[in-house]
Amino acid sequence: MTRSGDGSAGDADYGQVGDGYTRFRQPDPRIAAHIEQALGDARTVLNVGAGAGSYEPVDRKVTPVEPSASMRAQRPSHLAEAVDATAENLPFADNTFDAAMTTFSVHQWGDLDAGLRELRRVTRGPVVVLTGDPDLLHRFWLTDYARDVIDVEAGRYPSRARLAAGLGGRASTELVPIPLDCVDGFNEAYYGRPESLLDPAARLACSAWSFLSDDAVARFTDHLGRDLADGSWDERFGHLRTQPAYEGSLVLLTARP
């Protein structure tokens, strides 16, 4: 597997796009509650693609795995130091952990099927995956302004069926509501705060934007900026500014052996 100079093992180099990630991508407690419930009574938890530590439970023994040096450097001091490894080659014995988790990570893996097999191999209990459903992305208003970025995300996210097949066992999925004031700044987190996506730093915290050309990004900012200024966005989508939660593409899949 090819890794960047930063160590990133997926299709995005977090040495280039990960600087300042934690300013915009904080774990949202309402999303975290879904993960905690899915982990059940597991005491030892593997977190693959752990990044800066979002959603790692603090009341369990967590072993984080993160290939990007930039992301490992942003982990707060109260969390465990992350192991430099990839999902496809986990340096642990079979059935080491009570449970495993991965959040906003599976779309980054170079070999998804190998990574899923490794997760199942080292985990004796549930494997919990927080991700986006590619079949639900195009419902989001951003499709009308930056279809390219939605297409990029849809092309990267694996389907729920593929994840379930790769992990085996009994799999269940649930849609996770996204709160209006969500502090985890993925694209749909701004469903009712469109001005936020005019901030280049906020966009950079969503790796899909790094695949767009400068011209495509400029067209997006011009279009959205104009529609916000003249009220066109609010005429069509203004009800979202006060909608408490949004059911978009965010899903939680739990696979049990």
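Right, let's walk through the structure included here. (Residues numbered from 1 in each chain as written. Predicted model: local features only at pLDDT ≥ 70, side-chain atom pairs only at ≥ 80, totals over all residues. Heavy atoms only, no water.)

1. Some words on the overall build of the chain
Going by this rule: The secondary structure listing takes helices from DSSP runs of H or I that are at least 4 residues long and strands from runs of E that are at least 2 residues long, numbered from the N terminus. Our radius of gyration is a C-alpha quantity, and the globule rule it is checked against amounts to 2.2 Å times the number of residues to the power 0.38. A simple rule labels every residue: compare its accessible area, found with a 1.4 Å probe on the protein chains alone, to the largest value its type can have, and call it buried under 20%, exposed over 50%, or partly exposed in between.
A tally of helices and strands in the chain yields 10 helices and 8 strands. For the chain, whose C-alpha radius of gyration is 18 Å, the value lies close to the compact-globule estimate of 18 Å for 257 residues. Projected onto its principal axes, the C-alpha coordinates of the chain cover approximately 60 × 35 × 35 Å. Looking at the 257 residues of the chain, the share that counts as buried comes to 55%.

2. Notes on unusual backbone geometry
Although it is not a glycine, Asn95 adopts a positive phi angle of roughly 55°. In this structure, Phe104 is a non-glycine residue whose phi angle is positive, near 50°. Turning to its location among the elements, Phe104 is positioned in the loop between β3 (99–103) and α5 (112–122).

3. A closer look at the side chain of Thr103
The line we're drawing: By definition in these notes, contact holds between two residues if any of their heavy atoms fall within 4.5 Å.
Relative to the assigned elements, Thr103 resides in strand β3. Not counting residues within four places of it along the chain, the set of residues in contact with Thr103 comprises Ile35, Gly49, Ser54, Tyr55 and Leu130.

4. Some details on the pattern of salt bridges
This is how the line gets drawn: The salt bridge definition used is simple: a Lys or Arg side-chain nitrogen within 4 Å of an Asp or Glu carboxyl oxygen.
Enumeration according to the criterion identifies 16 salt bridges in this entry. The residue Arg30 makes a salt bridge to Asp181 at a minimum N-O spacing of 2.7 Å. In this pair, Arg30 is assigned in helix α3 (residues 29–39) and Asp181 in the loop between β6 (178–179) and α8 (200–204), connecting sequence segments 151 residues apart. For Arg30, a relative accessible area of 39% corresponds to the partly exposed category. In this structure, the salt-bridge partner of Arg162 is Asp113, at a minimum N-O distance of 3.4 Å. One end of the pair, Arg162, is in helix α7 (residues 160–167); the other, Asp113, is in helix α5, and 49 residues separate them in sequence. Its relative accessible area of 31% is what places Asp113 among the partly exposed residues. Beyond isolated ion pairs, a larger network of salt bridges with shared partners links Asp28, Arg30 and Asp181.

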